[in-house]
Every structure is written in structure tokens, then in C-alpha cells.
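Observations on chain architecture
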Amino acid sequence: MRAEPQSFSRVLSSMCTEPHPAAREAAERFLATNPGDPATYPTIAALEAEAISLLGEVTGLEDASGYVASGGTEANVQAVRIARNRSETTTPNVVVSESGHFSFQKAADVLGVELRLVPVGDERRADVTAVREAVDEDTVLVVGVAGTTEYGRVDPIPELGTIAQTVDALFHVDAAWGGFVLPFTDHEWHFAHAPVDTMTIDPHKMGQAAIPAGGLLVREAELLDELAVDTPYLESTSQATLTGTRSGAGVASAVAAMEELWPGGYHAQYHRARANAEWLADALADRGFDVVEPDLPIVAASVSDRLFEALREAGWRLSRTGAGEMRIVCMPHVTRATLEEFVADLDRLATHAAPVANDG
Ligand code: 0PR
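All values derive from a computational prediction rather than experimental measurement.

Some points on the overall build of the chain
- If you tally the helices and strands in the chain, you get ten helices and 13 strands.
- In the chain, the proportion of contacts linking residues at least 24 apart, taken out of those at least 6 apart, comes to 72%.
- Accessible surface, the chain as shown: approximately 15500 Å² in total, 48% of it carbon and sulfur.
- For the chain, the distance from the average position of its 26 positive side-chain charges to the average position of its 54 negative side-chain charges is 8 Å.

Okay, structure coming up:
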């Protein structure tokens, strides 16, 4: 096999990044271990406990429980599963804003729950009034997103938590991407800010760990019992994860990354990313593009289809929002030099393609 992985130098669309060198090294060392069988692989099982405790520090939760999942999708599916299994209704529903990640659609499909998508308000955050109207006695889970996939917005987490309580539903926060930047902002988003029951926070995104390292956290350890199945032929007696065999690489790299970077390294990373997002937003606005003001470091701007395609042709890995805007995620590998090069290409190519109008 001669193929080499592609370089990150022109990747502007990803929510993953190059792992921190310590995380890469740890992933390689623990590649062949299986935290799914803790009695056989106790070292990686102990590291997983360490990972959860560190994630608890990041998210304001003492004595955190949870596990390192394959990613945000698994963590979100499991949060819905906890809520469904805990309730007694035969017609469960989950309420999430339309800016929620598509993993909730998978969860609803697999688990047979109704997904109620409610509109976002002016600031692209969940509309509290719409959420209040959508919940009822069959609502088992209300979801708030802390760092939306498309625009990096943070839902009004404390208000959504209060709504969940009024209907005795669990409250889940999806901080899969935002979890490692939010501690350095003024947002209220974590376990100490609101009655959050479960949370998704992924070391393999802004945490600089290797894939696969997602995180599911629960405030009360008993919530994991809703997921547990008996494991008769293993030395451990039950398993709460969705996957069985799973790579220790993600677990070990998550610990290594957090030990290296929490909190100082992540703090510096956030400030670099934020400065880059502001610089890019200004550069695009100066050129007459309609820019969605960044909050967390994701920049969205309207460009013509022709310019978008020309940039992709030039090798830039770009993606679009559902509404069609070009979307750039200022991950740690996206440096100022990268963005300067990108804007220079954009200037060069925009002379051949109309700037703002959707001219197909
Ligand atoms: N929750 C949120 C808020 C997310 O943004 C994502 C992923 C998930 C959950 C699901 O996480 P996993 O993909 O780990 O299961 N958001 C991006 C997406 O699906 C992830 C991504 C990653 C996109 C790498 C591109 C890429 O190259 O669009």
C-alpha cells in the first residue's frame, strides 16, 4: 500500500484536525487495545476513566461518568437512547432545533422516536418560544446545541434546560465541536450553568485527539444503566457502549491531548482560531461578500456557485451550509498564512466569477 494521507494545508471544511503529536503517539501505542473488554485490557480501561474525569473538568462536572465513544453521532444516539429507555411513554418524542446535527435523525430512526425539529430565531439559535410550544408529556429529551455545525452558534442552554424540567424530560447538550472552545468564552453551556443531564463533547474535533474519540458524559452514573446490557462471557458484567470492540487509540490519544493542552493550550488555540475567523470575516466583507458574523470560529459567507467551484478546483476543501453559503471552520491547522493564501486565490478567481450573486 503506497497511498499517503492527504495534507491538511487546504482543508477548510473539516471539524477534525491533525492530532497533537502526543495524541498521535499515544494512538499508535494503544492501537491494538480494546477498552470494550476492560478485564482483559485494564490499562486502557483506566485511561478511559482518566479521559472522562478530564472531560468532566472541561465541562464543569465533578465525578463525571460516561465513556469515550466513536464520535458525536454515537454519543448523540446514546443520549436519545438513555432518555427513551428511562421514560414510560410508548410514543416518545425528542425536541431539537433545526440547526441540530443530522445524527439526531439517525437516532430517531434507529430508536423509533419522533424527532420534533423547531425553527431557529434571528440569531440562528433555538427559538425558546418554539421549543416551549413543541414539548409535551411525551417529550423524553430536549436538546440544546453548543456550537452548531453550520454557523457555530450556541443555543440558550439555561432556558432550554428549564423547559426540559417542566415536562420531566432529560436535557442533552451537544457540544461535540464547541466543547473545547466554549470554556474560553462567556457562553453558558455546561453542567454547572444549567440542569444538563447528558452531553456530547468530542476530543477528536477541537480537542486535537485522533479519530475515533467522541465523548458521552452523564451527570448521574445511573443514567448509564439505561444503556447497560449483560455481557455473560466477559469478565466484566455489563456494557453501556453502542459498539463492542473499540479501538484504544481514540481513548489514549484523548488523554494525551487533554494532558498536554488543558487548559492553556486550548485557550491559546481558541484565541488564534477566533482571531483568524475575525480576520477572514473582515477580509470577505471588505470584498463585498455577505458574511455571517462569526461567534465561535466558523465563518459563513455567500459566494456564487461559480466562485465556490473555482476555489474547489484550486484545491481548497470547502463545504456549504444548508442555505448554500461557503463555510470555513477555523480549526487549529487553519493558520493565518493558509487564510491569506486562500483570500489571494479568491481575489484571483473572483475576477473570473461574479462575487455575490447566485449566478449558477
Ligand atoms: N454534533 C455536532 C454539533 C457536530 O458538528 C457533529 C459533526 C456531530 C455531532 C457528529 O459527530 P461525528 O461526525 O464525530 O459523529 N459535524 C461534522 C459533520 O458531520 C463533522 C465533520 C468532521 C465534518 C470532519 C467534516 C469533516 O471532514 O458535518
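Having put the structure on the table, let's press on.
Structural notes on the sheet that holds strand β12 (residues 319–320)
- With respect to topology, four strands assemble into an open sheet ordered β10-β11-β13-β12, the strand pairing being antiparallel. At either end of the open sheet lies a strand with only one pairing partner, and these are β10 (291–292) and β12.
- Relative to strand β13 (residues 326–329), strand β11 (residues 298–301) runs antiparallel, the two sharing four bridges. From the neighbouring strand, Val299 faces β13, where its bridge partner is Ile328.

Observations concerning the environment of Leu182
- Within the fold, Leu182 resides in the loop between β5 (170–174) and β6 (198–200).
- C-alpha of Leu182 to C-alpha of Val58: the two residues are 124 residues apart in sequence and 9.2 Å apart in space.

Examining helix α7 (residues 248–261)
- Taking 1.5 Å per residue as the helical rise, α7 with its 14 residues ought to reach 20 Å, and the 20 Å between its terminal C-alpha atoms agrees with that figure.
- In terms of residue burial, α7 counts as a mostly covered element, since twelve of its 14 residues are buried.
- Those residues of α7 that sit buried are Gly248, Ala249, Gly250, Val251, Ala252, Ser253, Ala254, Val255, Ala256, Ala257, Met258 and Leu261.

Here we look at the packing of aromatic side chains
- For the structure shown, the criterion picks out four aromatic pairs.
- Judged by centre distance (5.2 Å) and plane angle (80°), the ring pair of Trp316 and Phe342 falls under edge-to-face. Placement of the pair is Trp316 in the loop between α9 (305–313) and β12 and Phe342 in helix α10 (residues 336–350), with a sequence separation of 26 residues.
- The class for Trp316 is buried, based on a relative accessible area of 0%.
- Residue class for Phe342 comes out buried when judged on its relative accessible area of 0%.
- Three or more aromatic residues link up through ring pairs in this structure, and these residues are Phe184, Trp262 and Tyr270.
- A cation over an aromatic ring shows up here: Arg124 above the ring of Tyr151, its NZ or CZ 4.4 Å from the ring centre.
- A cation over an aromatic ring shows up here: Arg320 above the ring of Phe308, its NZ or CZ 3.8 Å from the ring centre.

A short note on the site of the ligand
- Taken together, 17 residues are adjacent to the ligand, and Ser14, Thr73, Thr149, Asp174 and Lys205 come closest.
- Contacts to the ligand include His204, whose side-chain N or O atom sits 3.0 Å from an oxygen atom.
- A distance of 2.8 Å separates an oxygen atom of the ligand from a polar side-chain atom of Lys205.
- In the complex, 75% of the free accessible area of the ligand, which totals 590 Å², lies under the protein chains.

What to know about the sheet that holds β5
- Spatially, the seven strands line up as an open sheet ordered β1-β7-β6-β5-β4-β2-β3, and their pairing is mixed. With one partner strand each, in any of the chains shown, β1 (65–69) and β3 (114–118) form the two edges of the open sheet. The sheet shows a mean angle of 20° between the axes of neighbouring strands, taken without regard to direction.
- Pairing geometry for β6 and strand β7 (residues 214–218), over three bridges, is antiparallel. Paired with Thr200 across the bridge in β7 is Leu216.

Side note on the nonpolar core
- Core analysis: the largest hydrophobic core is formed by 88 residues, its most contacted members being Val131, Leu311, Leu318, Met326 and Phe342.
- Split by domain, this core shows at least three residues from each of two domains, domain 1 (21–261) and domain 2 (264–350).
- Those residues in contact with Leu318 that sit more than four places away from it in its chain are Leu12, Ser13, Phe308, Leu311, Arg312, Met326, Ile328 and Phe342.
- Core analysis: the next-biggest nonpolar cluster, separate from the first, contains 25 residues, Ala75, Val140, Leu141 and Leu216 among them.

With respect to the domain arrangement of the chain
- Looking at the chain, the domain boundaries give domain 1 (21–261) and domain 2 (264–350).
- Taken over C-alpha atoms, the centre of domain 1 sits 28 Å from the centre of domain 2.
- Taken together, the contacts link 24 residues of domain 1 with 23 residues of domain 2.
- Summed over both partners, the interface of domain 1 with domain 2 buries about 1900 Å², with 61% contributed by carbon and sulfur atoms.
- Looking only at domain 1, the three residues that lose the most surface to domain 2 are Tyr151, Phe184 and Leu261, adding up to 30% of its buried area.
- The interface formed by domain 1 and domain 2 holds one salt bridge in total.
- Across the pair Arg124 and Glu325 runs a salt bridge whose closest N-O atoms are separated by 3.8 Å.

Rules used in this analysis
- Residues numbered from 1 in each chain as written.
- Predicted model: local features only at pLDDT ≥ 70, side-chain atom pairs only at ≥ 80, totals over all residues.
- Heavy atoms only, no water.
- Helix = DSSP H or I, 4+ residues; strand = E, 2+ residues; numbered from the N terminus.
- Contact = heavy atoms within 4.5 Å.
- Areas by Shrake-Rupley, 256 points an atom, 1.4 Å probe, with all protein chains shown as cover.
- Lys, Arg positive; Asp, Glu negative; His and termini not counted.
- Charge placed at Lys NZ, Arg CZ, Asp CG, Glu CD.
- Pairing = 2+ DSSP bridges.
- Expected span 1.5 Å × (residues − 1).
- Buried < 20%, exposed > 50% of the residue type's maximum accessible area, 1.4 Å probe, protein only.
- Phe/Tyr/Trp six-rings, centres within 6.5 Å; stacked < 30°, edge-to-face > 60°.
- Lys NZ or Arg CZ within 6 Å of the ring centre and 35° of its normal.
- Near = heavy atom within 4 Å.
- Polar contact = N/O pair within 3.5 Å; in protein donor to acceptor, adjacent residues only side chain to side chain.
- Axes fitted to C-alpha atoms, helices over the stretch in contact; angles between N-to-C directions.
- Core = buried A, V, L, I, M, F, W, Y, C linked by side-chain atoms within 4.5 Å.
- Domains from an automatic or database assignment.
- Buried area = accessible area lost by both parts, 1.4 Å probe.
- Salt bridge = Lys/Arg side-chain N within 4 Å of Asp/Glu carboxyl O.

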